[in-house]
Amino acid sequence: MSDRLFIFDTTLRDGEQVPGCQLNTVEKIEVAKALEELGVDVIEAGFPVSSPGDFKSVEEISKAVTWPTICALTRAVENDIRVAADALKYAKRKRIHTGIGTSDMHIKYKFNSTREEIIERAVAAVKYAKSFVEDVQFYAEDAGRTDNEYLARVVEAVVKAGATVINIPDTTGYCLPWEFREKIQYLVEHVDGIHNVVIATHCHNDLGMATANTISGIMGGARQAEVTINGIGERAGNTSLEEVVMTLRSHKELGIDTNINSRRITPISRLVSSLMNMPVQPNKAIVGRNAFAHSSGIHQDGVLKNRESYEIIDPNDVGIDENSIVLTARSGHAALKHRLQVLGVELDREALDKVYENFLKLADRKKEITDDDVLMLAGEHRENHRIKLDFLQVSSGVGIRSVASIGLLIAGERFEACASGNGPVDAAINAIKIIIRRQMLVKEFLIQAINKGSNDMGKVHMTVEYDGQHYYGFSANTDIIAASAEAFIDAINKFPV
């Protein structure tokens with residue numbers, strides 16, 4: 001059995017299915033290149049038949065990266081497979097990932113079918129995909145709730161049909177670790193030809209056991225792990241790439257390792273968090289800001305005497321520079337550029353000058369500039385919005401009606417309005433509505449403190465409904481009213497012109 005674990009990253013497919021976290025093609029290419037630098041073996045670039053945007057992303061990522069295999073997802077449907085093959089035409093190494101649900105729940109309620117018909121459809125899909133590419137991966141959706149005997153029949157049939165990788169997903173995050181390991185072991189022991197293919201895991205985190213199940217599956221014989229950066233994904237997310245990689249590095253007795261350059265883990269974690277507007281929870285394993293923080297006096301004393309007393313991972317091994325430059329109002333362009341590069345962000349000179357200008361303004365208001373602050377400042381210059389906030393002035397207090405005066409720049413032309421509201425944020429949004437003149441409704445409004453302290457950055461997530469569709473806006477600012485107005489404008493900028 002091989003001691004090499006292949007890393008299949010699905011950040012750009014399963015990870016991007018989180019509402020409000022969609023990336024454009026340029027951003028996806030940026031992430032794909034970072035994944036290549038990280039050392040992933042396979043990049044699942046999208047689901048081409050789902051939209052023209054996804055098709056284009058798979059096509060462009062295929063052109064942009066060199067050595068990772070580019071994978072496209074399909075259902076067990078001929079048109080899906082044909083479109084995926086077309087999207088992959090520029091890939092140096094290409095893989096079609098097709099499959100179908102195999103649990104009785106899916107067979108009965110999703111497909112209104114029978115076990116035998118599902119096997120026939122699975123075999124037909126693999127054979128059709130094989131007519132386009134040599135490397136065909138088959139997924140048995142909801143394998144976690146599929147009984148092992150029937151699952152083995154399906155797997156054996158698709159292996160005979162030509163599948164090269166067999167994906168065993170715990171789609172609902174239902175399995176216990178020992179159950180998932182036994183499921184993989186059962187296939188190893190009962191499927192004819194299984195040693196000629198790679199078994200993959202794809203675990204979801206609904207019960208918080210995605211990483212545990214993945215490691216258990218690997219111990220049972222799987223040699224490909226499907227993961228995402230920061231563990232992002234639908235519902236409670238997917239297995240976290242960084243957790244699997246560093247678990248194997250920490251437990252060398254398992255004798256299994258990956259091709260991942262672990263020092264690139266923190267930069268790509270920050271990049272994905274910034275582009276997808278998904279803050280990493282502070283206590284997140286490996287990449288959370290508190291992952292290597294010690295506040296207890298006993299812990300601090302132990303770490304000072306010997307780091308390994310309380311740290312099983314050297315922070316440097318995951319790209320955290322303990323001697324990093326501290327950014328203040330006295331820092332220059334070079335220091336800011338260095339910090340951005342450490343965080344995985346490259347800006348041209350013009351964009352860097354704009355970020356630096358705003359950096360100095362923020363540094364004058366804060367004692368400490370954090371990595372999250374820097375990423376938010378950089379994010380403001382990743383794309384040009386047609387509508388920008390020019391100025392905002394709010395009058396508010398106890399016992400008086402809040403009033404906001406606002407100025408917007410739309411295609412370079414200034415528009416101004418004044419409105420009252422039930423609080424300063426409501427007043428600011430009402431003033432924007434007067435200028436924009438569209439029927440819009442704020443459906444969700446969430447404020448998150450990026451760090452602790454009353455003078456630190458707050459991040460606003462906003463969902464705006466327009467013409468029956470939902471649009472997501474994000475912003476961060478030390479002034480939460482300004483952040484709210486900017487988030488509303490960010491959502492409006494995503495409306496169709």
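A brief structural summary. The shown structure was predicted, so the numbers you read here are calculated from the model rather than taken from an experiment.

## Topic: the overall build of the protein chain
Within the protein chain, the secondary structure is distributed over 16 helices and 14 strands. The buried share among the 497 residues of the protein chain stands at 53%. For the protein chain, the accessible area works out to roughly 22,500 Å², and carbon and sulfur atoms hold 49% of it.

## Structural notes on the sheet that holds strand β11 (residues 413–421)
One open sheet holds the 3 strands; their spatial order is β9-β10-β11, and the pairing between them is antiparallel. Each edge of the sheet is formed by a strand with only one pairing partner; in this case those strands are β9 (387–395) and β11. Between one strand and the next, the sheet's axes are offset by a mean angle of 20°, whatever the strand orientation. As defined by bridge partners, β9 adjoins strand β10 (residues 402–410) across 8 bridges and the pair is classed as antiparallel. Looking at the pairing, lysine 388 lines up with leucine 409 of β10. Across the sheet, helix α15 (residues 424–436) touches β9, β10 and β11, and the angle it forms with β11 is around 135°.

## Some points on the packing of helix α1 (residues 25–38) against helix α2 (residues 52–64)
The interhelical angle for the contact between α1 and α2, taken along N-to-C directions, is 40°, at an axis separation of 9 Å. Taken together, the axes of α1 and α2 lie oblique to each other. In the crossing of α1 with α2, the sense of the turn from one axis to the other is right-handed. Across the interface between the two elements, Thr25, Lys28, Ile29, Ala32, Lys33 and Glu36 of α1 pack against Gly53, Asp54, Lys56, Ser57, Glu60, Ile61 and Ala64 of α2.

## Describing the packing of aromatic side chains
Using the criterion set out here, one finds 4 aromatic pairs in the structure. Measuring from ring centre to ring centre gives 4.4 Å for tyrosine 466 and phenylalanine 495, while their planes differ by 10°; the resulting arrangement is stacked. Within this pair, whereas tyrosine 466 is found in strand β13 (residues 458–466), its partner phenylalanine 495 is found in the segment after α16 (480–492), the two being separated by 29 residues in sequence. Here the aromatic cluster, defined as three or more aromatic residues joined through ring pairs, consists of Tyr466, Tyr471 and Phe495. A cation sits over an aromatic face here: lysine 63 above tyrosine 90, 4.6 Å from the ring centre.

## Topic: the environment of leucine 73
Among the structural elements, leucine 73 can be located in strand β3 (residues 69–73). Between the C-alpha atoms of leucine 73 and alanine 45, which are 28 residues apart in sequence, the distance is 8.2 Å.

## Some details on the pairing of strand β8 (residues 224–227)
Along β8, one buried face is formed by Gln224 and Glu226 and the opposite face, lined by Ala225 and Val227, is buried too. The sheet contact formed by strand β1 (residues 6–9) and β8 spans 4 bridges and is parallel. What sits directly across from aspartate 9, in β8, is valine 227. Bridge analysis of strand β7 (residues 198–203) against β8 gives 3 bridges, and the strand direction is parallel. What sits directly across from histidine 202, in β8, is glutamate 226. Tracing the backbone out of β7, into helix α8 (residues 210–220) and back to the parallel element β8 gives a crossover that is right-handed.

## A word on the sheet that holds β8
Spatial ordering of the closed barrel is given by β1-β2-β3-β4-β5-β6-β7-β8, a layout of 8 strands whose pairing is parallel. Strand-to-strand, the axes of this sheet are offset by a mean angle of 25°, without reference to chain direction. Where α2 meets the sheet, its contacts fall on β2 (42–46) and β3, and the angle it forms with β2 comes to roughly 150°. Against the sheet, helix α7 (residues 177–190) engages β6 (165–170) and β7, with an angle of about 155° to β6.

## Description of the side chain of lysine 284
Relative to the elements of secondary structure, lysine 284 occurs in the loop between α10 (265–275) and α11 (297–305). Lysine 284 has contacts with Asn230, Ser240, Glu242, Glu243 and Ala291, leaving out every residue within four places of it along the chain.

## Some remarks on the pattern of salt bridges
Applying the stated criterion across every chain, the model contains 27 salt bridges. A salt bridge links aspartate 41 to arginine 4; its shortest N-O distance comes to 2.8 Å. Separated by 37 residues along the polypeptide, aspartate 41 in the loop between α1 and β2 and arginine 4 in the segment before β1 bring together distant segments of the chain. Owing to a relative accessible area of 9%, aspartate 41 belongs among the buried residues under this scheme. For arginine 4, a relative accessible area of 27% puts it in the partly exposed group. Two residues, arginine 264 and glutamate 37, come together in a salt bridge whose shortest N-O distance is 3.5 Å. Note that arginine 264 is positioned in the loop between α9 (241–250) and α10 and glutamate 37 in helix α1, a separation of 227 residues in sequence. The partly exposed category is assigned to arginine 264, whose relative accessible area is 28%. Taken together, the shared-partner salt bridges in this structure form one network comprising Arg13, Asp14 and Glu44.

Calculation criteria
Residues numbered from 1 in each chain as written. Predicted model: local features only at pLDDT ≥ 70, side-chain atom pairs only at ≥ 80, totals over all residues. Heavy atoms only, no water. Helix = DSSP H or I, 4+ residues; strand = E, 2+ residues; numbered from the N terminus. Buried < 20%, exposed > 50% of the residue type's maximum accessible area, 1.4 Å probe, protein only. Areas by Shrake-Rupley, 256 points an atom, 1.4 Å probe, with all protein chains shown as cover. Pairing = 2+ DSSP bridges. Axes fitted to C-alpha atoms, helices over the stretch in contact; angles between N-to-C directions. Contact = heavy atoms within 4.5 Å. Parallel < 35°, antiparallel > 145°, perpendicular 65-115°, else oblique. Left-handed = near helix turned anticlockwise from the far one by under 90°. Phe/Tyr/Trp six-rings, centres within 6.5 Å; stacked < 30°, edge-to-face > 60°. Lys NZ or Arg CZ within 6 Å of the ring centre and 35° of its normal. Right-handed = clockwise from strand over helix to strand, strands pointing away. Salt bridge = Lys/Arg side-chain N within 4 Å of Asp/Glu carboxyl O.

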